[in-house]
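Examining the three-dimensional arrangement
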Amino acid sequence: TFINSAPIYFHYDSAVLTPQAQAVLRQKAERIKAFPQLRVTIAGHCDERGTDSYNYALGQRRAMAALDYLVKLGVSRDRLDTISYGKTRPVAAGQGEGAWSLNRRDEFNVTKPY
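Presented here is a report on the structure given in the accompanying data block. (Residues numbered from 1 in each chain as written. Predicted model: local features only at pLDDT ≥ 70, side-chain atom pairs only at ≥ 80, totals over all residues. Heavy atoms only, no water.)

1. Things to note about the side chain of Asn103
On the secondary structure map, Asn103 appears in helix H3 (residues 97-103). The buried category is assigned to Asn103, whose relative accessible area is 3%. Within the structure, the side chain of Asn103 is placed 2.7 Å from the backbone nitrogen of Val91, a separation counted as a polar contact. Ignoring sequence-local partners within four residues, the contact set of Asn103 consists of His45, Cys46, Asp47, Pro90, Val91 and Ala92. (Helix = DSSP H or I, 4+ residues; strand = E, 2+ residues; numbered from the N terminus. Buried < 20%, exposed > 50% of the residue type's maximum accessible area, 1.4 Å probe, protein only. Polar contact = N/O pair within 3.5 Å; in protein donor to acceptor, adjacent residues only side chain to side chain. Contact = heavy atoms within 4.5 Å.)

This is the structure in structure tokens:
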């Protein structure tokens, strides 16, 4: 999509935005503000470690961290939604940090207004 679709990544067991994530979000904020007719859903994801309930909560905290930062950058809150998939939708199979680090992410999906 024309909104930068790159995910942002998180450290293990963290919802703190890294400097790299903040840089990506700054780019996304400019694009989102340029297209006021669109909405964006931020989807939080986790690696396979931890319980289902813990990971759903962590995924939600990750999505909210990105949402809060985008709002701080001037994106209207009513244009942003969040969802958590916990560990149910990995993008990388396998065990070990190589796969886990790719699965600890927020993804951004653009939707038309309802």
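2. Side note on the pairing of strand E4 (residues 105-111)
Pairing geometry for strand E1 (residues 8-9) and E4, over 2 bridges, is antiparallel. Residue pairing in the sheet places Tyr9 in a bridge with Arg105 of E4. (Pairing = 2+ DSSP bridges.)

3. Some points on the nonpolar core
Counting 19 residues, the largest nonpolar core has Ile8, Leu17, Leu25, Ile42, Leu70 and Phe108 as the members making the most contacts within it. Among the elements of the structure, helix H1 (19-34), strand E2 (39-45) and helix H2 (52-72) are those that each provide at least two residues to this core. Of the residues forming this core, the biggest block, 6 residues, is contributed by H2. Residues contacting Leu17, with those up to four places away along its chain left out, are Ile8, Phe10, Gln22, Leu25, Ala65, Ala66 and Tyr69. (Core = buried A, V, L, I, M, F, W, Y, C linked by side-chain atoms within 4.5 Å.)

4. A few points about the side chain of Arg62
Of note, Arg62 is situated in helix H2. With no salt bridge to any partner, buried Arg62 finds its closest opposite charge in Asp47, at an N-O distance of 6.2 Å. For Arg62, the side chain forms a polar contact with the main-chain oxygen of Ser14, separated by 2.7 Å. Not counting chain neighbours up to four residues away, the residues in contact with Arg62 comprise Phe10, His11, Tyr12, Asp13, Ser14, Ala15, His45, Cys46, Arg104, Arg105 and Asp106. (Lys, Arg positive; Asp, Glu negative; His and termini not counted. Salt bridge = Lys/Arg side-chain N within 4 Å of Asp/Glu carboxyl O.)

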